[in-house]
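Take a look at the letters that make up each chain.
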Amino acid sequence: MGFSPSSSWFLDPELRHVVSKMSFFDSFLFYIVHLVDKLGLWHRFPVLLGVAYLGIRRYLHQRYNLVHVGGVNGQVYDTDEFSYRKADGKCNHPSDDSVGSRGTFIGRNMPPCTSQYGILDPHPSVVATKLLARKRFIDNGDQFNVIACSWIQFMIHDWVDHLEDTHQIELEAPEEVASGCPLKSFKFLRTKKVFSGDHHKTGAVNTRTPWWDGSVVYGNDEAGMRRVRVFKDGKLKLSGDGLLERDEKGVPISGDIRNSWSGFSLLQALFVKEHNSVCEMLKERYPDFDDEKLYRTARLVTAATIELLKTDTLTAGMRINWYGFLGKKVKDTIGARFGPILSGLVGMKKPRDHGVPYSLTEEFVSVYRMHCLLPDTLVLRDMRSQNVDKADPAIEREVPMTELIGKEGGTKGSRIGFDQLLVSMGHHSCGALTLWNYPNWMRNLVAQDIDGEDRPNLIDMAALKIYRDRERGVPRFNEFRKNLMMSPISKWEDLTDDEEAIKVLKEVYGGDIDKLDLNVGLHAEKKIKGFAISETAFFIFLLVASRRLEADRFFTTNFNEKTYTKEGLEWVNTTESLKDVIDRHFPNLTNKWMRCTSAFSVWSSDPDPTNWLLLYLRSAP
Ligand code: HEM
């Protein structure tokens, strides 16, 4: 029986079930979190208090929001023999070689949906047409540019993709919206349900490796890995123009090639360059390293790069994940000696999985469905300018996104070239995660299979994303929030101040708030100042971002000179942002074209002001 204050006036009745399964201590912590939530306070706290709140919340999520879907039952192995990242993600967990490998189950952060709404209630095409379809492009201001959007896609393609069934489904738009749908009906493959041998009975399987292991560049299995390697000096293949090589069918040669576009391939090419530079550095220091040893070490180093989100509280939170409360200077000087809180998760003596074998989760995939970040066109900047006005560089022309996707997009990307693509993406704000901002060109999309080949049937991605969550048993918005220890909404006004949105939400969901789809809720939700994503999505990131580091042997036990080499570790520790990586390879580009501090902000925007106050002591943004 948990802690229960005598006057429980402030506990939402819907959250009683949450407290009932908690220990006394945990329920005490939960009441603190719940009180802060009710007062809407945590993001207004000074940074130190905000971080403390997030720390308690993360602790509670680690205890109550990790659900093992099952099926991990590998072998014990010799960790010293495999002190490198294997192609298929095997041999990372200290005592079970299969945890986190390709083909294991996608986990959950909460039990599957319990509501009885039908899979077509309301019809996904109705939701897509009335609430998601872009009316006009709404940008995200200066905070994030198209590089940031591609970076997130790059991460997704490193971590997760659902195995599909061979069974085809057809969705036909109901008459009331058919005229507004680019496709009156479309066909796609069902998510494959695999028997998990556990109490949830079935689950979905990940065709990518869920570790932060750079598989987007290196491949997800032996064949994928062999495809990208040169087999000389540890290096990876790269075309003479600095972009990806392509095979005779026009498919790019890279770790993950499905549903790519020029901006995404550009990031892959950038990290191939980074990998190859690490190889050169290692070869110079260690002339006796053979191709295999150079490849393995350079992969470890390249995969361990990181970039952080905005606002001081988030930055502090992410830095604490990596360096701990004592900060980078102390960690660099004396090492990770004081445990995860003071010295950070990276470099901990042992990986931690909180009793649940590591995997990514269904909920994580749902909240990362951020296709609204994609613009309709990419505005190309004029690279011939002599005196570049960084605040407003001259425009050459606009290219529709449809010309930048798939195999044709690869050819177009090569014609544009690395420099112009990168600079143009840097200067282009990405889309906002809000209602009525889903790119219409994705409602009529040529999707690709796992080999990068175009599929014959066009798909409506806006409708499909609603279908996918329902098909995979991800709870709808209110049930999702309750499971995440957040208060559910009781009226539409709790969700948004936008009167037009409320009107259409009522129309689509017939006034039944519990029916609201997760992804619609996430896009409609009022945003916290400084946040591009919703608070509901953020709490999933809070849990999963740290888990990716702390469960990984190569960020904990093996994050040392013996595994990475002294120079490799130094490389990781002196590379703090994507800008550092760009600067290493293209110093003139950022000098000439970028005003701001982070490569992910719109490049014409102001640099971050110097703030002499210690990060943790700052007030709220
Ligand atoms: C031109 C760019 C992009 C294209 C063509 C594209 C296309 C696709 C397609 C066809 C799917 C599979 C849909 C399904 O069968 O359920 C998908 C899934 C997904 N995409 Fe994208 N996408 C793009 C960019 C992005 C971006 C920028 C993000 C995130 C910021 C993103 C996040 C996701 C996620 C989370 C999934 C679900 C993966 C899964 O089900 O396991 N995509 N995308």
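Residues numbered from 1 in each chain as written. Predicted model: local features only at pLDDT ≥ 70, side-chain atom pairs only at ≥ 80, totals over all residues. Heavy atoms only, no water.

A. Local environment of the overall build of the chain. When helices and strands are tallied, the chain shows 26 helices and eight strands. Of the contacts made within the chain by residues no fewer than 6 positions apart, 75% connect residues no fewer than 24 positions apart. Split by element, the accessible area of the chain, about 25,300 Å² in all, is 52% carbon and sulfur. (Helix = DSSP H or I, 4+ residues; strand = E, 2+ residues; numbered from the N terminus. Contact = heavy atoms within 4.5 Å. Areas by Shrake-Rupley, 256 points an atom, 1.4 Å probe, with all protein chains shown as cover.)

B. Expanded view of the site of the ligand. In the vicinity of the ligand, 24 residues are found, and the nearest of them are His-162, Asn-259, His-371, Arg-468 and Arg-472. At a separation of 2.7 Å, an oxygen atom of the ligand approaches a polar side-chain atom of Arg-468. Within the side chain of Arg-472, an N or O atom sits 2.9 Å from an oxygen atom of the ligand. The set of elements that each furnish at least two residues to the shell around the ligand consists of α5 (146–159) and α17 (461–471). Grouping the constituent residues of the shell around the ligand by class yields 16 nonpolar, four polar and four charged. (Near = heavy atom within 4 Å. Polar contact = N/O pair within 3.5 Å; in protein donor to acceptor, adjacent residues only side chain to side chain. Nonpolar A, V, L, I, M, F, W, Y, C, P; charged D, E, K, R; others polar.)

C. Local environment of the UniProt feature "binding site: heme b" (unreviewed entry) in the chain. Taken from the UniProt record, the annotation "binding site: heme b" (unreviewed entry) applies to His-371. Inspection of the secondary structure puts His-371 in the loop between α14 (362–367) and β5 (377–381). Here His-371 falls in the partly exposed class, since its relative accessible area comes to 21%. Beyond its immediate chain neighbours, meaning those up to four positions away, His-371 contacts Tyr-438, Pro-439, Met-442 and Met-461. (UniProt positions renumbered as here; feature names shortened; annotations may be inferred. Buried < 20%, exposed > 50% of the residue type's maximum accessible area, 1.4 Å probe, protein only.)

D. Expanded view of the packing of aromatic side chains. Tallying each qualifying case throughout the model produces 28 aromatic pairs. Ring plane angle 50 degrees and centroid distance 6.5 Å describe the contact between Tyr-53 and Phe-539, whose orientation is recorded as tilted. With a gap of 486 residues between them, Tyr-53 in helix α3 (residues 47–64) and Phe-539 in helix α22 (residues 535–550) connect regions that are remote in the sequence. When sorted by exposure, Tyr-53 lands in the same class as Phe-539, which is buried. Here the aromatic cluster, defined as three or more aromatic residues joined through ring pairs, consists of Trp-151, Phe-154, Phe-264, Phe-271 and Phe-600. Above the ring of Phe-539, the side-chain terminus of Arg-57 is found at 4.0 Å from the ring centroid. Over the ring of Trp-436 we find Lys-135; its NZ or CZ atom is 3.9 Å from the centre of that ring. (Phe/Tyr/Trp six-rings, centres within 6.5 Å; stacked < 30°, edge-to-face > 60°. Lys NZ or Arg CZ within 6 Å of the ring centre and 35° of its normal.)

E. Looking closely at the pattern of salt bridges. Counted by the stated rule, this structure contains 40 salt bridges. Where Lys-249 meets Glu-453, a salt bridge forms, and the shortest distance between an N and an O atom there is 3.2 Å. Pair noted here: Lys-249 is in the loop between α8 (222–228) and α9 (262–285) and Glu-453 is in the loop between β7 (445–448) and β8 (454–459), with a separation of 204 residues, a long-range link. Connected through salt bridges with shared partners, the residues Asp-161, Glu-164, Arg-208, Asp-256, Arg-258 and Arg-455 form a single ionic network. (Salt bridge = Lys/Arg side-chain N within 4 Å of Asp/Glu carboxyl O.)

F. Expanded view of unusual backbone geometry. Put simply, Asp-121 and Pro-122 share a cis peptide bond, and its omega is -15 degrees. Within the fold, Pro-122 resides in the loop between α3 and α4 (124–132). At Phe-231, a position not held by glycine, the phi torsion is positive, near 65 degrees. As for its placement among the helices and strands, Phe-231 is situated in the loop between α8 and α9.

G. Examining a negative patch on the surface more closely. A cluster of acidic side chains, namely Glu-493, Asp-498, Glu-499 and Glu-500, defines a negative patch on the protein surface. Its place among the elements puts Glu-493 in helix α19 (residues 492–495). (Patch = residues over 30% accessible without salt bridge, like charges linked within 9 Å, V, L, I, M, F, W, Y side chains within 5 Å. Lys, Arg positive; Asp, Glu negative; His and termini not counted. Charge placed at Lys NZ, Arg CZ, Asp CG, Glu CD.)

H. Focus on the nonpolar core. Within the largest apolar cluster, 162 residues are counted, with the highest numbers of intra-cluster contacts made by Trp-42, Val-520, Tyr-564 and Trp-603. If one sorts the elements of this core by residue count, α9 sits on top with 11 residues. (Core = buried A, V, L, I, M, F, W, Y, C linked by side-chain atoms within 4.5 Å.)

I. Structural view of the packing of α4 against α17. In the contact formed by α4 and α17, the axes pass within 8 Å of each other and the chain directions differ by 125 degrees. Between α4 and α17, the crossing angle belongs to the class labelled oblique. Judged by the sense of rotation from one axis to the other, the crossing of α4 with α17 is right-handed. On the side of α4, the interface is formed by Pro-124, Ser-125, Val-127, Ala-128 and Leu-132, while α17 contributes Ala-462, Ala-463, Lys-465, Ile-466, Tyr-467 and Arg-470. Classifying every residue of the contact of α4 with α17 by side-chain character gives eight nonpolar, one polar and two charged. (Axes fitted to C-alpha atoms, helices over the stretch in contact; angles between N-to-C directions. Parallel < 35°, antiparallel > 145°, perpendicular 65-115°, else oblique. Left-handed = near helix turned anticlockwise from the far one by under 90°.)

J. Expanded view of a nonpolar patch on the surface. A cluster of nonpolar side chains, Phe-25, Phe-28 and Ile-32, forms an exposed patch at the surface whose accessible area comes to about 270 Å². Assignment of secondary structure puts Phe-28 in helix α2 (residues 24–38).

K. Here's a closer look at α22. With 16 residues, α22 extends 23 Å between its outermost C-alpha atoms, agreeing within 8% with the 22 Å of an ideal straight helix rising 1.5 Å per residue. Counted residue by residue, α22 has 16 buried out of 16 residues, so it is predominantly covered. (Expected span 1.5 Å × (residues − 1).)

L. α4, seen in detail. Summarising burial for α4: seven of the nine residues are buried, a large majority. Residues of α4 that are buried include every one of Pro-124, Ser-125, Val-126, Val-127, Ala-128, Leu-131 and Leu-132, and no others. Where the residues of α4 are buried, they touch β1 (164–172), α6 (175–178), α17, α20 (499–509) and α21 (518–524).

M. Representation of the pairing of β7 within the structure. Pairing of β7 with β8, which is carried by three bridges, proceeds in the antiparallel orientation. If you follow Gln-448 over to β8, its bridge partner there is Asp-454. The hairpin turn running from β7 into β8, its antiparallel successor, is five residues long, and Gly-452 in that turn takes a positive phi close to 80 degrees. (Pairing = 2+ DSSP bridges.)

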